[in-house]
Amino acid sequence: MRILFLGDVVGISGCSKLTSSLLSEIKSKKIDFVIANGENAADDGNGITKKIAIDLLKSGIDVITSGNHIWDKKDIKKYLEKQRSVLRPINFFQDSPGKGFSIFQTKNKFKIGVLNLMGNIFMEKCDNVFLSAKEFLKKYKLNRDYHFLIVDFHSETIIEKMAIGHMFDGQATLVVGTHTHVPTKDERILEKGTAYVSD
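Residues numbered from 1 in each chain as written. Predicted model: local features only at pLDDT ≥ 70, side-chain atom pairs only at ≥ 80, totals over all residues. Heavy atoms only, no water.

Colleague: When you look at the overall build of the protein in this model, what are you seeing that I'm missing?
Modeller: Each helix and strand counted, the protein has five helices and nine strands in total. Mapped in sequence order, the helices and strands of the protein form the string β-α-β-α-β-α-β-β-α-β-α-β-β-β. What you see for the protein is a C-alpha radius of gyration of 16 Å, in line with the 16 Å of a compact globule of 199 residues. The contacts in the protein between residues at least 6 apart in sequence include a share of 62% that link residues at least 24 apart. Accessible area for the protein stands at about 10,100 Å²; split by element, carbon and sulfur atoms hold 54% of it. Across the protein, the mean location of the 29 positive side-chain charges is 7 Å away from that of the 24 negative side-chain charges. (Helix = DSSP H or I, 4+ residues; strand = E, 2+ residues; numbered from the N terminus. Rg over C-alpha atoms; globule rule 2.2 N^0.38 Å. Contact = heavy atoms within 4.5 Å. Areas by Shrake-Rupley, 256 points an atom, 1.4 Å probe, with all protein chains shown as cover. Lys, Arg positive; Asp, Glu negative; His and termini not counted. Charge placed at Lys NZ, Arg CZ, Asp CG, Glu CD.)

As structure tokens, then:
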């Protein structure tokens, strides 16, 4: 099983790269499932539009995750209400449009859960991420509800990302941080087998 996670896709250059070459990369590298954080995919680098989301999904991305800029473009709100392949953080306030978690089935019959969380430190107001994560882990279980769980944690600080990584250790396949647009060289396998990288 090969899963590709793409960090924050930014603006016209990021989108054009994906729409022009992602399908051939998927084919050549035999990738089974693609997740990308698209909350900065709009032309000006803030938010995502319905049209851009549709174009990215057509380019080979299976799930688009997001974060604090998800509401920057007005037309995305109604789209999120009907679309399960574009996620917003699950710990946004309860009446927020859209979903923060979905389960997808791959062509080879594996179930992949994708969870989108957002941090609390130096970010917009949202529910406590640790309480939301705790509630999630009470409800869903690896190898019972899905074969793989990918967590996109959209957060400003590495310490908050590491804490979520350890919280999900052994209960997620991958915890990856997004938001800062700065790749970190701290990829590792945590003690109970979860893969982790801060950004």
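On we go.
Colleague: Where do I start with the pairing of strand E4 (residues 101-105) in this structure?
Modeller: Two faces belong to every sheet, and in a regular strand the side chains alternate between them. Bridge count for E4 against strand E5 (residues 111-118) is five bridges, and the pairing is antiparallel. Bridge assignment links Ser 102 to a residue of E5, and that residue is Val 114. The antiparallel hairpin formed by E4 and E5 contains five residues in its connecting segment, where Lys 109 sits at a positive phi of about 70 degrees. (Pairing = 2+ DSSP bridges.)

Colleague: It is not clear to me how the sheet that holds strand E3 (residues 63-65) should be interpreted in this structure. Could you clarify?
Modeller: Strand pairing in a sheet relies on backbone hydrogen bonds. The paired strands run either parallel or antiparallel. Spatial strand order, E1-E2-E3: three strands in an open sheet with parallel pairing. Each of the sheet's edge strands pairs with one partner strand only, and the pair in question is strand E1 (3-6) and E3. Between one strand axis and the next, the sheet turns through 15 degrees on average, direction left out of account. Bridge count between E1 and strand E2 (residues 33-37): four bridges; the pairing is parallel. Bridge pairing in E2 links Ile 3 to Phe 33. (Axes fitted to C-alpha atoms, helices over the stretch in contact; angles between N-to-C directions.)

Colleague: Is there a simple way to think about the nonpolar core in this case?
Modeller: As a rule of thumb, nonpolar side chains are buried together in soluble globular proteins. Membership of the largest hydrophobic core comes to 26 residues, with the highest contact counts inside it found for Leu 18, Val 34, Ile 48, Ile 52, Leu 56, Ile 61 and Ile 64. When contributions to this core are tallied by element, the ones reaching two or more residues are helix H1 (11-29), E2, helix H2 (50-58) and helix H3 (76-82). A per-element tally of this core places H1 first, with four residues. Among residues more than four places away in sequence, those in contact with Leu 56 are Cys 15, Leu 18, Ala 41, Ile 48, Ile 61 and Ile 64. Counting residues in hydrophobic clusters, the runner-up holds 17 residues, among them Leu 115, Leu 117, Ala 133 and Tyr 146. (Core = buried A, V, L, I, M, F, W, Y, C linked by side-chain atoms within 4.5 Å. Buried < 20%, exposed > 50% of the residue type's maximum accessible area, 1.4 Å probe, protein only.)

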